[in-house]
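Chains, contacts and geometry: an overview
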Amino acid sequence: MFERLLGWLRGLFRKNSTPVFRSVPVKDAAKLAEAHAEGGFMAPWSSGDFEAMLADRSIVADGVYVGRSGGTLAGFVVSRVAADVAEILSIVIRKRFRKSGFGSRLMRFHQQKLVSRRIVSLFLEVEEGNMPARALYQRLGFERIGQRDAYYHKADGSTATAIVMKRSLQ
Ligand SMILES: CC(C)(COP(=O)(O)OP(=O)(O)OC[C@H]1O[C@@H](n2cnc3c(N)ncnc32)[C@H](O)[C@@H]1OP(=O)(O)O)[C@@H](O)C(=O)NCCC(=O)NCCS
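Small disclaimer: the values here were computed from a predicted structure and weren't measured. (Residues numbered from 1 in each chain as written. Predicted model: local features only at pLDDT ≥ 70, side-chain atom pairs only at ≥ 80, totals over all residues. Heavy atoms only, no water.)

Some thoughts on the overall build of the chain
To keep things clear, this is the line we draw: Only DSSP runs of H or I covering at least 4 residues are called helices, and only runs of E covering at least 2 are called strands; the numbering of each starts at the N terminus. A simple rule labels every residue: compare its accessible area, found with a 1.4 Å probe on the protein chains alone, to the largest value its type can have, and call it buried under 20%, exposed over 50%, or partly exposed in between. The contact definition used throughout considers only heavy atoms, calling two residues in contact when any of these lie within 4.5 Å. Per-residue and other accessible areas were derived by the Shrake-Rupley procedure at a 1.4 Å probe size, with only the shown protein chains allowed to occlude residues. Positive charges are assigned to Lys and Arg, negative charges to Asp and Glu, while His and the chain termini are left out of the count. Where a charge lies is defined by one atom per residue type: Lys uses NZ, Arg uses CZ, Asp uses CG and Glu uses CD.
Assigned secondary structure in the chain consists of five helices and seven strands. Along the three orthogonal principal directions, the C-alpha set of the chain runs to about 60 × 40 × 35 Å. Taking all 170 residues of the chain together, the buried fraction comes to 39%. Pairs at least 24 residues apart make up 58% of the contacts formed inside the chain by residues separated by at least 6 positions. Roughly 10200 Å² of accessible area belongs to the chain as shown, and the carbon and sulfur atoms make up 53% of that amount. The chain carries 27 positive and 16 negative side-chain charges, and their two centres are separated by 10 Å.

Printed below as a string of structure tokens:
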């Protein structure tokens, strides 16, 4: 009886968790801010920051949505494009959805969209000690092209190195 209930619950969870990858509309700015607050960044971006970003034509924002009506934002990625290059400004998967492959799948979806916009190179910066993010980028084929010492300033007054990475989309 208990096993059957458990199986039913698992099935329900899987059904509700089938992720959908799509552009983030302006009306989801508050959801983006909520997710960004879970990113562990020094300066969280507000709902207003995201509204302004999403209204900017140089910004490409994609999200991964879950839940029965696909209304729960599990994570997002935002890039800025200029000519034929793009830079990842931020990527966050909400804590409870991490390590399920959402980050990799969202990045692949985003990269395909950038390719369709004729972007040939994608750049990003990542803190040297951010091992989950570095694992994600390495898995996606990004290469280290440089570093910026003392780039990040932390709450405790210390600084951290930024690693600059690039991936060709051609
Ligand atoms: C970085 C982040 C987006 C990864 O998202 P995710 O959905 O958990 O990533 P995935 O499940 O797709 O995993 C991608 C790869 O990274 C690895 N990885 C993920 N989390 C990891 C962790 N905590 N430690 C080590 N490796 C990790 C996975 O093992 C996987 O590699 P594999 O396929 O070879 O096993 C997520 O941890 C996050 O939102 N972090 C906070 C915000 C942040 O740091 N953003 C990046 C700023 S540059």
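Here we look at the nonpolar core
Stated precisely, the cut-off is as follows: Among buried residues, those of type Ala, Val, Leu, Ile, Met, Phe, Trp, Tyr and Cys that are joined through side-chain atoms within 4.5 Å constitute a nonpolar core.
Core analysis: the biggest nonpolar cluster contains 28 residues, and Met107, Leu114, Leu122, Tyr137 and Phe142 have the highest contact counts within it. At the level of secondary structure, the elements contributing two or more residues to this core comprise strand E2 (59-66), strand E3 (72-82), strand E4 (85-93), helix H4 (102-116), strand E5 (121-127), helix H5 (131-139) and strand E7 (159-168). In terms of nonpolar packing, the next biggest core, distinct from the first, is built from 15 residues, Ala29, Met53, Ile59 and Tyr65 among them.

Some points on the site of the ligand
Where we set the bar: For each residue, the test is whether any non-hydrogen atom lies within 4 Å of the molecule or strand; if one does, the residue is near. Within 3.5 Å is the distance limit for a polar contact, defined as a pair of N or O atoms, with the added protein rule that one can donate a hydrogen and the other accept it, and that residues adjacent in sequence qualify only through two side-chain atoms. Any residue with an atom within 4 Å of a point lines the site, the site being either a cavity, points on a 1 Å grid over the protein atoms alone where a 1.4 Å probe fits but cannot get out, or a pocket, an open set with protein on both sides within 12 Å along at least 5 of 7 lines. Think of it this way: a molecule belongs to a cavity or pocket when more than half its atoms come within 2 Å of the grid points there. Residues are grouped as follows: Ala, Val, Leu, Ile, Met, Phe, Trp, Tyr, Cys and Pro are nonpolar; Asp, Glu, Lys and Arg are charged; every other residue, Gly included, is polar.
Surrounding the ligand, one finds 21 residues, the nearest of these being Ile93, Lys99, Ser104, Asn130 and Arg139. Within the backbone of Ser100, an N or O atom sits 3.3 Å from an oxygen atom of the ligand. In the model, an oxygen atom of the ligand is placed 2.6 Å from a nitrogen or oxygen of the Ser104 side chain. Summarising the interface, the protein chains cover 75% of the accessible area of the ligand, which totals 930 Å² for the free molecule. Taking a 2 Å distance to the grid points as the criterion, the majority of the atoms of the ligand fall inside the largest pocket. At the level of elements, E4, H4, E5 and H5 are the ones that each hand at least two residues to the shell around the ligand. The dominant element in the shell around the ligand, judged by the number of residues it contributes, is H5, at six residues. By residue class, the composition of the shell around the ligand is eleven nonpolar, six polar and four charged.

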